[in-house]
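Spelled out, the chains give:
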Amino acid sequence: MIEIPAMVVLGFWFVLQFLNALSTPGTGGGVAWFAHLRRFVAGIALIGLFKRHNVPFGGRRSRSV
């Protein structure tokens, strides 16, 4: 097991969704890739409304091992 930062995983997921959206023909069915991307961006935009006020943006949490 290796530890990967969340931003790397989310960035990989975002790029993968975008590539899938571009490669899917517009006339066919399937997963709405652009809907996933829009909801992801909306979630990022709404963090400020839903996060706790005592937690800073990009704040690091202490590890408990």
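Along each chain, residue indices are assigned from 1 in the same order as the chain's sequence is written. In view of the model being predicted, local features appear only for residues whose pLDDT reaches at least 70, and side-chain atom pairs are presented and counted only at 80 or more, with totals across whole chains, interfaces and linings using the full set of residues. Excluded from the side-chain calculation are hydrogens and water; included are all heavy atoms of the structure.

1. A word on the overall build of the protein
Thinking step 1. Secondary structure elements follow DSSP: runs of H or I no shorter than four residues count as helices, runs of E no shorter than two count as strands, and numbering proceeds from the N terminus. Within the protein, the secondary structure is distributed over three helices and zero strands.
Thinking step 2. Secondary structure elements of the protein occur, N-terminal to C-terminal, as α-α-α.
Thinking step 3. Within the protein, the proportion of its 65 residues that are buried is 6%.
Thinking step 4. Using a 1.4 Å probe, accessible areas were evaluated by the Shrake-Rupley method; residue-level cover was limited to the displayed protein chains. For the protein, the exposed surface amounts to about 6,200 Å²; the carbon and sulfur share of it is 66%. Note on classification: 1.4 Å probe, protein chains only; a residue is buried when its accessible area is under 20% of the maximum for its type, exposed when over 50%, partly exposed between these limits.

2. Quick word on the confidence of the model for the protein
Thinking step 1. On a range of 0 to 100, pLDDT expresses the predictor's confidence in each residue. Looking at the protein, the pLDDT average stands at 80 and 78% of residues meet or exceed 70.
Thinking step 2. Averaged pLDDT values over the elements of the protein bottom out at 84 in helix α3 (residues 47-50) and peak at 87 in helix α1 (residues 6-23).

3. Let's talk about the environment of Ser23
Thinking step 1. Tracing the sequence through the fold places Ser23 in helix α1.
Thinking step 2. Overall, Ser23 belongs to the exposed group, its relative accessible area being 53%.
Thinking step 3. Put simply, Ser23 and Trp33 are 10 residues apart on the chain and 9.9 Å apart in space, counted from C-alpha to C-alpha.
Thinking step 4. Throughout this description, a polar contact denotes any pair of N or O atoms lying within 3.5 Å of each other; where both atoms belong to protein, one of them has to be capable of donating a hydrogen while the other can accept it, and for residues adjacent in sequence the pair is counted only when both atoms sit in side chains. Reaching out from Ser23, the side chain makes a polar contact with the backbone oxygen of Asn20 at a distance of 3.2 Å.

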